[in-house]
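Listed below are the residues making up each chain.
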Amino acid sequence: MPLVVTLVARLLETMFVIGSIGSVAVLVLSGIEDLKTLLGREESEHS
Amino acid sequence: MLTFISYWRAAAIVLNDLASSAFYACGIAEQAIGKSAPWFIVGVMLFSFTVRAVYVESCSMFVRGGVYRVVKEALGGTLAKISVSALMFDYILTGPISGVSAGQYIAGLVNEVFITADAHGWIPRAVHNIFDGTPQLNVNWTSVILALAVTIYFWWENIKGIHESSEKALRVMQITTVMVVILLAWSAITVAKGGAQSVPLPTPENLHFTKESLGFLSHRFPGQSLPSLFGVLGILIAFGHSVLAMSGEESLAQVNRELAHPKLKNLKRAAIVIAIYSFVFTGLSALLSVMLIPDAVRVPVYKDNLIAGLAMYMWGPQILRLLFRGFVVVVGFLILSGAVNTAIIGSNGVLNRVSEDGVLADWFRFPHRRYGTSHRIINLIVLLQILTILASRGNVYVLGEAYAFGVIWSFTFNSLAMLVLRFKYKGIRGWKVPPNITIGGYEIPLGLLSVFLVLLATALINLFTKSVATVAGVSFAIVFFLIFTVSERVNRKKFALAEQQMKDHFQLLQRDTVERDALNIRAGNVLVPVRDYNTLAHLRWALERINTTDQDVVVMSARVSRFGAGAYDLAMEQIFSDYEQTLFTRAVSVAESFGKHVSLLVVPATDVWSAIVQTAHNLDSSEVVAGLSSKMTPPEQAFELGRAWESIPEPKGQFVLQIVRPGNTVDTFRIGPHTPTMKNEDVILLHRLWLNITREQGLEKVHHHDIMTEALTRFARDYGAGRDREEIIKELRRTAADSGITLPRRIADQIQTVQPEPTRSNPDTKPKKS
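Residues numbered from 1 in each chain as written. Chains lettered and ligands numbered in written order. Predicted model: local features only at pLDDT ≥ 70, side-chain atom pairs only at ≥ 80, totals over all residues.

## Focus on the overall build of chain B
Consideration 1: Within chain B, the secondary structure is distributed over 31 helices and eight strands.
Consideration 2: The buried share of chain B, reckoned over its 770 residues, is 50%.
Consideration 3: Taking contacts inside chain B between residues at least 6 apart in sequence as the whole, the part at least 24 apart equals 82%. (Helix = DSSP H or I, 4+ residues; strand = E, 2+ residues; numbered from the N terminus. Buried ≥ 20, exposed ≤ 12 C-beta atoms within 10 Å, placed from the backbone. Contact = placed C-beta atoms within 7 Å.)

## Some remarks on the interface of chain A and chain B
Consideration 1: Facing the 23 residues of chain A at the interface are 32 residues of chain B.
Consideration 2: Its residues placed into classes, the side of chain A that touches chain B shows 11 nonpolar, eight polar and four charged. (Nonpolar A, V, L, I, M, F, W, Y, C, P; charged D, E, K, R; others polar.)

## Focus on the environment of Val598(B)
Residue and element names in this part refer to chain B.
Consideration 1: Structurally, the position occupied by Val-598 is in the loop between helix 25 (578–594) and strand 5 (599–605).
Consideration 2: The buried category is assigned to Val-598, around which 24 C-beta atoms lie within 10 Å.
Consideration 3: Not counting residues up to four positions away in its chain, the partners in contact with Val-598 are Val-553, Val-555, Ala-587, Val-588 and Ala-591.

## Examining the pairing of strand 3 (residues 526–529) of chain B
Residue and element names in this part refer to chain B.
Consideration 1: Along strand 3, one buried face is formed by Val-526 and Val-528 and the opposite face, lined by Leu-527 and Pro-529, is buried too.
Consideration 2: Both strand 3 and strand 6 (residues 623–627) contribute to a ladder of two bridges, which runs parallel. Within strand 6, the position partnered with Leu-527 by the bridge is Val-624. (Pairing = 2+ DSSP bridges.)

## So, the domain arrangement of chain B
Consideration 1: Per the domain assignment, the segments of chain B are domain 1 (8–486), domain 2 (516–671) and domain 3 (680–748).
Consideration 2: Taking the mean C-alpha position of each, domain 1 of chain B and domain 3 of chain B sit 57 Å from one another. (Domains from an automatic or database assignment.)

## A word on the nonpolar core
Residue and element names in this part refer to chain B.
Consideration 1: Ranked by size, the top nonpolar core spans 174 residues in total, and within it Val-14, Ile-41 and Ile-274 carry the most contacts.
Consideration 2: Broken down by element, the residue count for this core peaks at 17 residues, all from helix 5 (residues 77–119).
Consideration 3: For Val-14, the residues in contact, after removing those within four places along its chain, are Gly-248, Ser-251, Leu-252, Val-255, Ala-270 and Ile-274.
Consideration 4: Counting 49 residues, the second-largest nonpolar core is a separate cluster that includes Leu-536, Met-556, Val-602 and Trp-609. (Core = buried A, V, L, I, M, F, W, Y, C linked by C-beta atoms within 7 Å.)

## Brief notes about helix 5 of chain B
Residue and element names in this part refer to chain B.
Consideration 1: In this model helix 5 runs 63 Å from its N-terminal to its C-terminal C-alpha over 43 residues, within 8% of the 63 Å that 1.5 Å per residue would give.
Consideration 2: For helix 5, the tally of buried residues reaches 31 of 43 residues, placing the bulk of the element in the interior.
Consideration 3: Note on helix 5: the residue one or two positions beyond its end, Gly-121, has a positive phi of about 75°. (Expected span 1.5 Å × (residues − 1).)

## A closer look at helix 1 (residues 3–38) of chain A
Residue and element names in this part refer to chain A.
Consideration 1: With 36 residues, helix 1 ought to run about 52 Å at 1.5 Å a step, and its terminal C-alpha atoms sit 51 Å apart, in line with that.
Consideration 2: By the burial criterion, the buried members of helix 1 are Ala-9, Leu-12, Met-15, Phe-16, Gly-19, Ser-20, Gly-22, Ser-23, Val-26, Leu-27, Ser-30 and Asp-34.
Consideration 3: Backbone geometry just after helix 1 places Gly-40 at a positive phi near 75°.

## Focus on the packing of helix 2 (residues 25–33) of chain B against helix 3 (residues 37–59) of chain B
All names here are of chain B.
Consideration 1: Running from N to C, helix 2 and helix 3 point in directions that differ by 125°, and their axes come no closer than 9 Å. It follows from the interaxial angle that helix 2 and helix 3 lie oblique. Seen from above, helix 2 lies across helix 3 with right-handed handedness. Across the interface between the two elements, Ala-25, Cys-26, Ala-29, Glu-30 and Ile-33 of helix 2 pack against Ala-37, Pro-38, Phe-40 and Ile-41 of helix 3.
Consideration 2: Across the contact of helix 2 with helix 3, the residue classes break down as eight nonpolar, no polar and one charged. (Axes fitted to C-alpha atoms, helices over the stretch in contact; angles between N-to-C directions. Parallel < 35°, antiparallel > 145°, perpendicular 65-115°, else oblique. Left-handed = near helix turned anticlockwise from the far one by under 90°.)

As structure tokens, then:
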């Protein structure tokens, strides 16, 4: 397989894996905020 | 001046688009990647929570200008034009895929009914002979015909200026929820009774790509298994084939401006409802369809109407399953045809905004002579949708692949713009995607960066694996890019000229609210709403009879941006565009022909009635002089205005509405509580009652109005206590019918009876005055 194709493939894989790990953090943190919003415990309109 | 909606209604509008993906996303994904597709759909739905977070941040930025301006600010003109092209591709494809998918469900049901009827011997022999067996519709072509019919229907509704009803969206979602609850509960019973097959885990070895689903890569690596070659890349390819499950998320930005206070909180609440609902519906129905529908029929028979197939493999008698399938088809038709409408409205909104941004020639936005809608844009959108439907020949898979291109690239550009704006835009933000870490005084948006990386990786891999989508999407983007580029150049020249003319003729003042003192207008003024510069007869009528030295005349144009107009408010020069300039130039020349002065006002609004009433209220107008609507009778116009009047908060003043018909005949209505016009026989009856009562001992000094007070108090008691309520209503209906007066007329006269959605004045309202 040509080197360029392998490099592009690895780059996309790396982006996807790193992005997915970070997205899990977004999911968890925004999920906690969502819970607070649903329970009406959010403090202010603007941060 | 906006009519605001609750977060439930906002969520319903978005879900009408987003949840419709559940009807086709898993079928398309399974054809592309195999039986483990539902896990990828679940993964995409979880990831959609993070995309939703990006849209919440985007909507919470207090910036003005359309989507093009905001992306241009972040990424520059070229990428902004490409971004808008991708968004348009997404919106335009939403219509055809939804319409064709609705057709697939209907045609599938009709064929199933024929098969069942034939099995019971209910099909006559002659019919059997004509069709050479069981009558069957050609599913794809039937879908094309139905999709065309739905698209043409909504084209005409949008040309007429359909009122986007959040009520309708809410009802559709309520019916859909009933279906989802039955679907999940019945599936649980089915699994408990007869078990279910397992869904292969989303690992590279469980992925089965077809030649089509590898696109350009299939030529590069013929006969080789990419998942085994690359591992994670296979997962990424599969993820890319499943992203259309979250299509519709972009509608969140379109409803943002209509959300009631507290805006950000309600936006977040709406986003939560949307995310949870779509996860449960799309994610779980995808899993259940693979668990319950046998492999032998799932893709071959039900690939384009998977939820209908799921209904047919529930536990229970066949007639019940067939009935439920009928219900699924009805719900599918409602939600999918709603998505066709949302697609037209959304595309129209985006192109209107792009035109306001100066990237599309004003010619496109020229209002329809009769209905005042941007008919040229609507015609263009629907023409492209019809061509797409015909080109697809009813193939949902091809449409889905192309649609995914628009979806993923519009999400990618939006997240990239938000990422760049974190560094470039230092204005107020209501909310930021977490987590963010600060190193050396610099905030690193880790969350936003992560979401962008996943989107970009998916968008790039889709370029290689979705050959049809890449060719179609890139061609479409190039055509739109060229249109935008040429339009922008033409507009830039025109704008320089217009700017000079505006400086010469109009002095623009910008205000966030309409205030009489700030605009230097006296109380008791006359408000004259104008829309079409060819129909200013009512302005002439008003100027003929008003002495402007005693009473001010305010000419008002409501700059209506309907649902789908975009996440951002209009900038000043966008509100006072070429069209308003021409309109006001004509209005001023009419005033000059009478030698009288008029004040000019542009009010941004989502609802023209609310804009007129709110402006009349804020300016303490005593009179509103309007022209005759092309769509409504004068009583209906008065009814709409009265309804808007009811929804503004107390204290509020009354005013007289004069509707000037062609030929200068005028219909007059009082808006607000007023002494009703009494019929002669009612006056005689009142007088007769008064004569009799004053003969009673101790009641000699009773007045006519005392009798009225007593009669009304008794009426209110009987009506309010519910004792004779039904009888009173029946009587009133009879009276209304006898007098031959239509209901709107009566309500317009007695304006108190309507309870519409609450309306508030928008703090971002920006009038301008010359």
